[in-house]
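Residue-level listing of the chains:
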Amino acid sequence: MEPLNMIGKPCPIPVIEAKKALRKVEAGQSVALLVDNAIAGQNLEKMALGQGHKFRSEPTEAEYFLVTITAGQSGSAVATGEGSGDLVVAISRDSLGEGHVDLSRTLMKAFINSLTELDYPPQYLLFFNGGAFLTTEGSTVLEDLEKLVERGAIITTCGACLNFYKLTEKLKVGSITNMYAIAGTMTQAGRLINL
Amino acid sequence: MSLLSNCTSGGCGVKIGPAELSRFLKNLPRISDPRLLVGFESSDDAAVWWLSEDQALVSTVDFFPPMVEDPHLFGRIAAANALSDVYAMGGRPILALNLVCFPEKMDPVILGEILAGGAEKVQEAGAVISGGHSIYDHEPKYGLAVTGLVRPDRILTNNGSAAGDGLILTKSLGVGLVMGANRVGLASSEQYCAATVSMERLNRYAAEKLSGFEVHAVTDVTGFGLLGHLVEMAGRSWAVNVNFDSLPLLPGALDFAGDYLFTAAAQRNRNQLSGQADISGLSLSKQEIIFDPQTSGGLLISLPLAQAEELLKAIRVDDPQASLIGQVLVRRKGEPAVIVL
C-alpha cells in the first residue's frame, strides 16, 4: 500500500491522518506515512507509543521519513470504541452494578470519568429514573459530564423523573427530555449501553 | 485567498530554536560598548542602551506569519506580542514601526485590517506608530519594531532570580495546542476565543503592578515554551521547582494534547530542553503543555516568595488567571535546572 503523503502538511495534520487510518485497520496491520521532517516523525512516534502501537521510521533517499505504525491491540477499531453509528449510553441509576452501595456509586463515578478519557466518547448520554441524581446538584460526576459536553456529547435527563424526585430546579448539566425522545434515541443508536 | 491559506505555520511556533540561533550568533562580532546594558549574550527580551542617569532605551523587534484567519485580530496579537518585550524589560513603549510582508496577489484590504489592529494595540500601550517598512512576500507576516524607555536602575532582566524566589505566570498556557487544533477544525469557538483573548492581551497591566516590589527577574513566555524560560531563569545556580497543577491552562489545551494534536514547535522545544529538566512525573499530555510554544505569552516574574502573594493579588485584579507556579531553590550538584511535578 502507498504511504499517506504528508509532505508539506504541518503538525498536527500527520498525527490526525495517522489516527484516522489506524481506526480502519486491525491489530497487527500497518499504516505508512511519508513526512518531510524529523519533528513530524517524532510527534507520530509519541502518538503511536501513547496508543500502544509499534513505531518505525526510516530516512528516504529524498531526505523524507517513511514512518510505519503497526496497530497494537489497544489501538484497533474495537478497543478505541469507534463504530459505524452513534454510541448511546442510557443510565437509569446512580450506581454501577450489584453490590455494596458505596462501591457501586464509586464505580459509576469511575465509569463516567473513563468515558471522558476515550478517544471517541459517546454522542448521547440519557439519564432517567435514579440516573437523574447524576445530572443534578450534589452529583459527584458533574465535572466529568461537563467535559463530555465539551467534547460534543448530548446529555439529556427525563423530565418526569426530575419532577418525581423534585430535582427539576436542580438540573446542572444538559437539558430536559421526555420518554418519547429517550425511546427514539435508544432505538436508533448505532450502539447502546444500558446501565 | 485567505490569510492562512498559504501559511505552513503561524505565530511564535515558527521561531528558530535557541540552540540553532546561538550557532549563527557566535560568529557575530562581540560588542563591548559600556552603554549597551543588555545585549544578545544573555538572550534577553530586548536590547537596552544607556542614555543618561535616569533613562535607557529599550529596543526590540518581533514579527511572524498569521495564526488566525481574522486579519484585524492578527494585527492586534502581533502588536501585543511585539510590545511585550518592552514590558518584560521593565520599560514603557514610546515608539513603534510596522514591519510588513504581504503577497502581491492578496487583497490589500486585508493588509489595511492587519495594520488597523496593530495600531489599536500600540495606541492602547500609549505609544505611537511612526512609520514602517513593507515588502511583497509569498506568506503574509506582520510585526513591529518597538522602542521604549526604562530607568537604568529599574531594568528587569531574565537572569536575576535568587534562591527563595517565587515565580508568577500571568497568562494561561496552551496557545499553541489550541491554535493547532483550531487549524484542523477541532477547537470550539469558546476555546478559540479564550486563546485569542489571551494573545491580544497587553502585558502592560501586569507589568505596571511590579513597581514597589523587589522583582529579581522578568521575561515573557514565547515560542520556546514555559520550560525554555524556566531553564533560562534557573541559569547555572538555581533549581526551579514548578507544580503542574498550579499552572493556569487555556480551556481545551490539555484535551488536545491528550488527543496527540502536538505542534512541531513543542517537539523542537522538547528536543532542545528535555536534558535540562526532570519532567518524568508528568503524563505525555502535561509535558506537551510545558513545551507548548506561546504566541504573546504572559510575563514570568521572579521575586522573593514573601512578596509574591501580594504582587499576585495586585496582578489578579486585571489578570485573574495569573498564578504562583513555583519556587527558585539552590541547585545541588547533579540536579536538573527545572523539576516539574
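So, about the sheet that holds strand β4 (residues 65–70) of chain A. Residue and element names in this part refer to chain A. One open sheet holds the four strands; their spatial order is β1-β2-β4-β3, and the pairing between them is mixed. Each edge of the open sheet carries a strand with a single partner, namely β1 (4–5) and β3 (54–59). Judged from the two bridges that link them, β1 and strand β2 (residues 30–35) form a sheet pairing that is parallel. Counted as the bridge partner of Asn-5 is Leu-34 from β2. Running at roughly 160° to β2, helix α1 (residues 13–23) makes contact with β1, β2 and β4 of the sheet.

Our focus in this paragraph is the sheet that holds strand β10 (residues 277–278) of chain B. Strand order in the open sheet formed by seven strands is β8-β11-β7-β12-β9-β13-β10 (chain B), and the pairing between neighbours is mixed. Sheet topology places β8 (217–220) and β10 of chain B at the edges, where each strand pairs with a single neighbour.

Right, let's talk about the nonpolar core for a bit. Grouped together as the largest cluster of nonpolar side chains are 98 residues, with contacts concentrated most on B:Leu226, B:Leu227, B:Leu230 and B:Ile301. No other element matches the 11 residues that helix α2 (residues 71–88) of chain B contributes to this core. Judged by nonpolar contacts, the second largest core, of 21 residues, contains A:Cys11, A:Ile39, A:Ala48 and B:Phe262.

Before going further, it helps to examine the pairing of strand β6 (residues 141–150) of chain B. Two faces belong to every sheet, and in a regular strand the side chains alternate between them. Residue and element names in this part refer to chain B. Of all 10 residues that make up β6, nine are buried, and the element is covered over most of its length. The pairing of strand β3 (residues 55–64) with β6 spans nine bridges and is classified as antiparallel. Across the sheet, residue Ser-59 finds its bridge partner in β6, namely Thr-147.

Looking now at the domain arrangement of chain B. All names here are of chain B. Taken domain by domain, chain B holds domain 1 (11–154) and domain 2 (165–340). One C-alpha centre belongs to domain 1, the other to domain 2, and the line joining them spans 21 Å. On the side of domain 2, 27 residues touch domain 1, which itself brings 27 residues to the contact. Linking domain 1 with domain 2 are one salt bridge, by the criterion used here. The salt bridge involving Glu-200 is made with Arg-76; its shortest N-O contact spans 2.7 Å. Along the contact surface separating domain 1 from domain 2 lie eight residue pairs in polar contact (both at pLDDT 80 or more). Looking at the side of domain 1 that touches domain 2, the elements that each hand over two or more residues are α1 (18–25), α2 and α3 (108–124). For the side of domain 1 that touches domain 2, the leading source of residues is α2, giving 10 residues. In terms of residue class, the side of domain 1 that touches domain 2 is made up of 14 nonpolar, seven polar and six charged.

The next point concerns the confidence of the model for chain A. With 94% of its residues at a pLDDT of 70 or more, chain A has an overall mean of 87. Taken as a whole, residues 75–84 of chain A scores under 50 in pLDDT and shows 21 contacts with residues more than four places along the chain or in a different chain.

The next thing to look at is the pattern of salt bridges. The full count for this structure, using the stated rule, is 18 salt bridges over all chains. B:Arg204 is the partner of B:Glu208 in a salt bridge, and the nearest nitrogen-oxygen pair spans 2.7 Å. In this pair, B:Glu208 and B:Arg204 are both assigned in helix α6 (residues 204–208), four residues apart and thus about one turn of the helix distant. Taken together, the shared-partner salt bridges in this structure form one network comprising A:Lys46, B:Arg270 and B:Glu288.

Every contact between the two is made by 17 residues of chain A and, on the other side, 18 residues of chain B. In this assembly, chain A packs against chain B so that about 1,500 Å² is buried in total across both faces, 60% of it on carbon and sulfur atoms. When residues of chain A are sorted by the area they lose upon contact with chain B, A:Pro12, A:Ile39 and A:Lys46 head the list and together hold 35% of the total. Remark: the boundary between chain A and chain B carries two salt bridges. Across the pair A:Lys46 and B:Glu288 runs a salt bridge, and its minimum N-O distance is 2.5 Å. Among the elements of the structure, α1 and α2 (38–50) of chain A are those that each provide at least two residues to the side of chain A that touches chain B. Tallying contributions element by element places α2(A) first for the side of chain A that touches chain B, with six residues. A breakdown of the residues in the side of chain A that touches chain B according to their chemical character gives eight nonpolar, four polar and five charged.

A few words on the state of the cysteines. All names here are of chain A. Inspection of every chain in the model, using the stated rule, returns one disulfide over all chains. Two residues share a disulfide in this structure: Cys-158 and Cys-161, whose sulfurs sit 2.1 Å from each other. Between Cys-158 and Cys-161, the S-S dihedral sits near 85°, and the bridge is therefore right-handed. Across the pair, Cys-161 and Cys-158 agree in class, each one buried.

Domain annotation for chain A reports domain 1 (4–79) and domain 2 (81–194). Centre-to-centre, using C-alpha coordinates, domain 1 of chain A lies 34 Å away from domain 2 of chain A.

In this section: helix α10 (residues 284–291) of chain B. Most of α10(B) sits inside the fold, with six of its eight residues counted as buried. Within the span of α10(B), buried status applies to B:Ser285, B:Gln287, B:Glu288, B:Ile289, B:Ile290 and B:Phe291. In this structure, the buried residues of α10(B) make contact with α2 of chain A together with α4 (175–183), α7 (225–234), α8 (253–258), α9 (264–273) and β13 (338–340) of chain B.

Rules and cut-offs
- Residues numbered from 1 in each chain as written.
- Chains lettered and ligands numbered in written order.
- Predicted model: local features only at pLDDT ≥ 70, side-chain atom pairs only at ≥ 80, totals over all residues.
- Heavy atoms only, no water.
- Pairing = 2+ DSSP bridges.
- Helix = DSSP H or I, 4+ residues; strand = E, 2+ residues; numbered from the N terminus.
- Contact = heavy atoms within 4.5 Å.
- Axes fitted to C-alpha atoms, helices over the stretch in contact; angles between N-to-C directions.
- Core = buried A, V, L, I, M, F, W, Y, C linked by side-chain atoms within 4.5 Å.
- Buried < 20%, exposed > 50% of the residue type's maximum accessible area, 1.4 Å probe, protein only.
- Domains from an automatic or database assignment.
- Salt bridge = Lys/Arg side-chain N within 4 Å of Asp/Glu carboxyl O.
- Polar contact = N/O pair within 3.5 Å; in protein donor to acceptor, adjacent residues only side chain to side chain.
- Nonpolar A, V, L, I, M, F, W, Y, C, P; charged D, E, K, R; others polar.
- pLDDT = per-residue confidence, 0-100.
- Buried area = accessible area lost by both parts, 1.4 Å probe.
- Disulfide = S-S within 2.5 Å.

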